[in-house]
Amino acid sequence: MGNILKAIVAFVPHNDCQKYLLEDLEEMPVDKMVDLSGMQLRRLPLHICSFRELVKLYLSDNNLNHLPPELEQLQNLQILALDFNNFKALPLVVCTLKQLCILYLGNNKLCSLPLELRLLQNLKTLWIESNCLQYLPEVVCELSLLKTLHAGSNALHTLPSQLRCLQELRTIWLSGNLLSEFPTVLLEMPFLEVIDVDRNSIRFFPSLAHLPGLKLVIYDHNPCRNAPKVAKGVRRVGRWSEETPEPRKRSGAVIEITLDEKPSPPPATKLEPE
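In this text the structure is predicted, and so the values were computed from the model without any measurement. (Residues numbered from 1 in each chain as written. Predicted model: local features only at pLDDT ≥ 70, side-chain atom pairs only at ≥ 80, totals over all residues. Heavy atoms only, no water.)

1. Side note on the environment of Leu 169
Working step 1: Mapped onto the elements, Leu 169 comes out in the loop between strand S6 (148–150) and strand S7 (171–173).
Working step 2: Expressed as a C-alpha distance, the spacing of Leu 169 and Glu 193, which sit 24 residues apart in the sequence, is 8.5 Å.
Working step 3: Apart from residues lying up to four places away in sequence, Leu 169 is in contact with Leu 146, Lys 147, Thr 148, Leu 149, Met 189, Phe 191 and Leu 192. (Helix = DSSP H or I, 4+ residues; strand = E, 2+ residues; numbered from the N terminus. Contact = heavy atoms within 4.5 Å.)

As structure tokens, then:
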């Protein structure tokens, strides 16, 4: 009954109802964090916007599809989690929070991102997985400090050439998309450490041996004819990963060799800013 009651109360704008949703959270928390995840919210209680020193705000797993303009008051916010909601567009007020370092937008209904996202020049981690993106918005390429990009489980066919401008990018997760070729722009990003193209439609992999920063490449579940060549010490996860880049053959049949152990997917726990 508790969750049902909160879902009903979430529609009521009266202050007493909002205090019920906040469970008597009337003052700025000592840790400067508010977690309202999984509370069946359909609107953000405005009282939260009065916590102007707030650093972390978790709104995951609700029923939100918009945010109030008052959110702009949270100019010290560094982490904002909006994943597992019903956003069809990113509220522009989010782009006014210029201290954001980590932004979670996964598991929504986003088909694009606004140009105003370029205002978030402190952003280091962006999660846009499990949305409706058919292309990677070029505005992402303007986030010069971005280190981690998780764009898995969308409908991406390719990546923009401007991605090479992200010289701080170290990790890119692209699993579960519609890539039919390995994105050539990644071959021009020697600073990448982790490349995940698991569960795509890539049939041939170019050599990655020239990427000096590479530590891990995940290419499993692709209809590939070869394993990507990598430099010594780089871990590969996929077909023939423990062999030479070319598959072994016996009686004309390709023997598939896979690892028993596969690295864990990107962490489900929320990250802290560096």
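Here the narrative resumes, following the displayed structure.
2. Section: the sheet that holds strand S1 (residues 33–35)
Working step 1: One open sheet accounts for ten strands, arranged S1-S2-S3-S4-S5-S6-S7-S8-S9-S10; its pairing is parallel. The open sheet terminates on both sides in strands that have one partner only, identified here as S1 and strand S10 (235–237). When the angles between neighbouring strand axes are averaged without regard to direction, this sheet yields 5°.
Working step 2: Bridging between strand S8 (residues 194–196) and strand S9 (residues 216–218) involves three bridges; their strand directions are parallel. By the bridge assignment for S9, Val 194 is matched with Leu 216. (Pairing = 2+ DSSP bridges. Axes fitted to C-alpha atoms, helices over the stretch in contact; angles between N-to-C directions.)

3. Section: the nonpolar core
Working step 1: Grouped together as the largest cluster of nonpolar side chains are 70 residues, with contacts concentrated most on Leu 163 and Leu 186.
Working step 2: Beyond its immediate sequence surroundings of up to four residues, Leu 163 is in contact with Leu 136, Cys 141, Leu 149, Ile 172, Val 185, Leu 186 and Met 189.
Working step 3: Tyr 58, Ala 81, Ile 102 and Trp 127 belong to the second largest nonpolar core, which has seven residues in total. (Core = buried A, V, L, I, M, F, W, Y, C linked by side-chain atoms within 4.5 Å. Buried < 20%, exposed > 50% of the residue type's maximum accessible area, 1.4 Å probe, protein only.)

4. Some words on the packing of aromatic side chains
Working step 1: Going through the model one piece at a time under the given rule, you end up with three aromatic pairs.
Working step 2: Taking the centre distance of 5.4 Å and the plane angle of 65° together, the rings of Phe 205 and Tyr 219 count as edge-to-face. With Phe 205 in the loop between S8 and S9 and Tyr 219 in the loop between S9 and S10, the pair connects residues that are 14 residues apart, well separated along the chain.
Working step 3: On the basis of relative accessibility, which here comes to 2%, the residue Phe 205 falls in the buried class.
Working step 4: Classification of Tyr 219 by relative accessible area gives buried; the value is 1%. (Phe/Tyr/Trp six-rings, centres within 6.5 Å; stacked < 30°, edge-to-face > 60°.)

5. Concerning the pattern of salt bridges
Working step 1: Scanning all chains against the criterion turns up four salt bridges.
Working step 2: We note a salt bridge from Glu 142 to Arg 118, for which the minimum N-O separation is 2.8 Å. Separated by 24 residues along the polypeptide, Glu 142 in the loop between strand S5 (125–127) and S6 and Arg 118 in the loop between strand S4 (102–104) and S5 bring together distant segments of the chain.
Working step 3: Owing to a relative accessible area of 36%, Glu 142 belongs among the partly exposed residues under this scheme.
Working step 4: Taking the shortest distance from any N to any O, the salt bridge between Glu 193 and Lys 215 comes out at 3.9 Å. With a gap of 22 residues between them, Glu 193 in the loop between S7 and S8 and Lys 215 in the loop between S8 and S9 connect regions that are remote in the sequence. (Salt bridge = Lys/Arg side-chain N within 4 Å of Asp/Glu carboxyl O.)

6. Remarks on the side chain of Thr 148
Working step 1: Here Thr 148 shows up in strand S6.
Working step 2: Note on Thr 148: relative accessible area 18%, which makes it buried.
Working step 3: Ignoring any residue separated from it by four or fewer positions in sequence, one finds Thr 148 in contact with Lys 124, Thr 125, Leu 126, Leu 169, Thr 171 and Trp 173.

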